[in-house]
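Architecture at a glance
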Amino acid sequence: MKDLTTGKPLKVIIMFAIPIILGSIFQQFYNIADSKIVSEFVGTDAFAAVGATSVISNTIIAFINGLTQGFAIPTATSFGAKEYKKMRKFIAGTIVLTMMITVLLTGAALYFVSDILVVLKTPADIFDNAIAYVRIILVGTIFSSVYNMCANTLRAVGDSKTPLYCLIGGVLVNVGMDFLFVGGLKLGIKGAAYATLISQCCCAAACLMFFIAKFRELLPKREEWKPEKALYVNLATTGFAMGFMTCIVNLGTVVLQSAINGLGTTVVAAHTAARRVFDILCVSLYCIGISMTTYVSQNIGAGRNDRVKKGVVTAIGMVTVISTVLLVVCFVFGERVFRWLASSDDEALIGYAVMYSRISIVFFYALGPLFILRSSLQGLGKRIIPIVSSVMEMAVKIISANFLVPIFGYTGVAFTEPVSWVLMTIVLLIAFFSCKIESIQPNIGEA
């Protein structure tokens, strides 16, 4: 466990963020491994099927990840305030709520998934592969939930390394199973899905075992499992605020994906490749944002409000420097990466992917501050503005899917998110620097 309320903000944020960044990069390799091995051993149609369905599983997993990040805010605030009994009560509530919500969401998704793929206008030539893949992936949601719950709780108390070690193990299992099931046993797209399912199970089991064995002081005692209204209300408001914020953005992505699917299999495959690379490129920006939730929450809990604005300004400077480096990397190496990833020399496919990535990377100068400000406002307990900004992003995606994409095709898709990033960042900048941070009191409910 690590206290983020002392030391220079730059060093504290960097040291806490690095394991989260590395872990997220390995998590993206989860997706890269599936995509590359499927495209290499099964073909472009199967590769497109993975991309056409990922928005469904990603939306659910992103919601649960956001939910558990939100649950971790009062945990981090209690830790910063050294209210350890209250912290364990929050952890008990986190476990109960996470498991209940995961079961409900997974059941609903499995029941409606076929209808969802129809609504998304999934091309007929990849529909069977898509439904076979996504059903298996959805079964693994419970394992993703356990991992995210443990990982976000550990990060709340300053441990960002243990989740990294578990994730590295999961990725290695995933890659090995991919080669065995897809390359060796020729199980096709189902093999890739089973590989992901097994690796998620291993990752969740490892993180849970570490949590129980190494952090016994975090485990709630018998009397601390008793539900308390104020505590559960606090958890629900912070958790659902973060979960819905993430989910709203992804719902907009679902609508946009339906428009992309209507452009044909080549465009779907191009977008799949482009998004895989996009996710790798923006992972450092996103993870520094995640780090700021814990940094801000702990400092507010400890009464170190003076460190909050200094830390946010420092983090924005960090993501600006990182964006410059990523821009150069994308323009120099992007095309070669897409040819390798898609296992294709289709010039139309490669051209679409390169266009999307180059347009997106230029606007990372807005995306980075967006991640920092949105997470920091959540850490401050300001839940409404981040949700409003996410609604704005969803609205832009819906407008684009219905008006821009039919007119401009995939070019309209490429400009959709950058426009929303700029609008949201402006709103969040105004909201953050209007806050009277020095007067904010920690909200950790009743003792």
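An account of the accompanying structure is given in this report. (Residues numbered from 1 in each chain as written. Predicted model: local features only at pLDDT ≥ 70, side-chain atom pairs only at ≥ 80, totals over all residues. Heavy atoms only, no water.)

**Remarks on the packing of aromatic side chains**
Here the distance between the centres and the angle between the planes together describe a pair of aromatic rings. Spelled out, the test is: Aromatic rings from Phe, Tyr and Trp, taking only the six-membered ring of Trp, are treated as a pair when their centres fall within 6.5 Å; an angle between ring planes under 30 degrees marks them as stacked, one over 60 as edge-to-face, and anything in between as tilted. Under the DSSP-based scheme used, a helix requires at least four consecutive residues in state H or I and a strand at least two consecutive residues in state E, with every element numbered from the N terminus. We call a residue buried when its accessible area falls under 20% of the maximum for its residue type, exposed when it is over 50%, and partly exposed in between, using a 1.4 Å probe and counting protein chains only.
If you walk through the whole model with that rule in mind, you get 12 aromatic pairs. Both rings, one in Y352 and one in Y410, keep their centres 5.5 Å apart while their planes meet at 75°; by these two values the pair is edge-to-face. In this pair, Y352 is assigned in helix α11 (residues 347-362) and Y410 in helix α14 (residues 410-434), connecting sequence segments 58 residues apart. Judged by its relative accessible area of 31%, Y352 is partly exposed. Judged by centre distance (5.9 Å) and plane angle (25°), the ring pair of Y356 and Y410 falls under stacked. Placement of Y356 in helix α11 and of Y410 in helix α14 is noted, with a sequence separation of 54 residues between them. Per residue, the accessibility class of Y356 equals that of Y410, and both read buried. One aromatic cluster is present, formed by F63, F240 and F244 through successive ring pairs.

**Let's talk about the nonpolar core**
Keep this limit in mind: Nonpolar cores were defined as sets of buried Ala, Val, Leu, Ile, Met, Phe, Trp, Tyr and Cys residues, with membership established by side-chain atoms within 4.5 Å. Residue contacts follow a heavy-atom distance rule, with two residues in contact if any of their heavy atoms lie within 4.5 Å.
Membership of the largest hydrophobic core comes to 107 residues, with the highest contact counts inside it found for I288, F364 and L380. Examining the composition of this core, we find that 19 residues originate from one element, helix α9 (residues 265-301), more than from any other. Setting aside chain neighbours within four positions, we find L380 in contact with V296, I300, V308, F432, I437 and I440. C150, L167, A204 and C207 belong to the second largest nonpolar core, which has 18 residues in total.

**What to know about the packing of helix α3 (residues 84-119) against helix α8 (residues 229-261)**
For clarity, the cut-off: Fitted lines through C-alpha atoms serve as axes, helices being fitted only where they are in contact, and the angles separating the N-to-C directions of these axes extend from 0 to 180 degrees. In this scheme, roughly parallel covers angles under 35 degrees and roughly antiparallel covers those over 145, while 65 to 115 is roughly perpendicular and the rest are oblique. Crossing handedness: left-handed means the near helix sits turned counterclockwise from the far one by under a right angle, and right-handed means the same turn made clockwise. Under the convention adopted here, Pro, Cys and the residues Ala, Val, Leu, Ile, Met, Phe, Trp and Tyr are nonpolar, Asp, Glu, Lys and Arg are charged, and Gly plus all remaining residues are polar.
As a packed pair, α3 and α8 sit with axes 11 Å apart at the nearest point and diverge in direction by 20°. On the basis of the axis angle, α3 is roughly parallel to α8. Once α3 is placed against α8, the crossing between them reads as right-handed. Contacts between α3 and α8 involve K89, F90, A92, G93, T94, V96, L97, I101 and V119 from the first element and L231, Y232, N234, L235, F240 and S258 from the second. In the contact of α3 with α8, the residues fall into 10 nonpolar, 4 polar and 1 charged.

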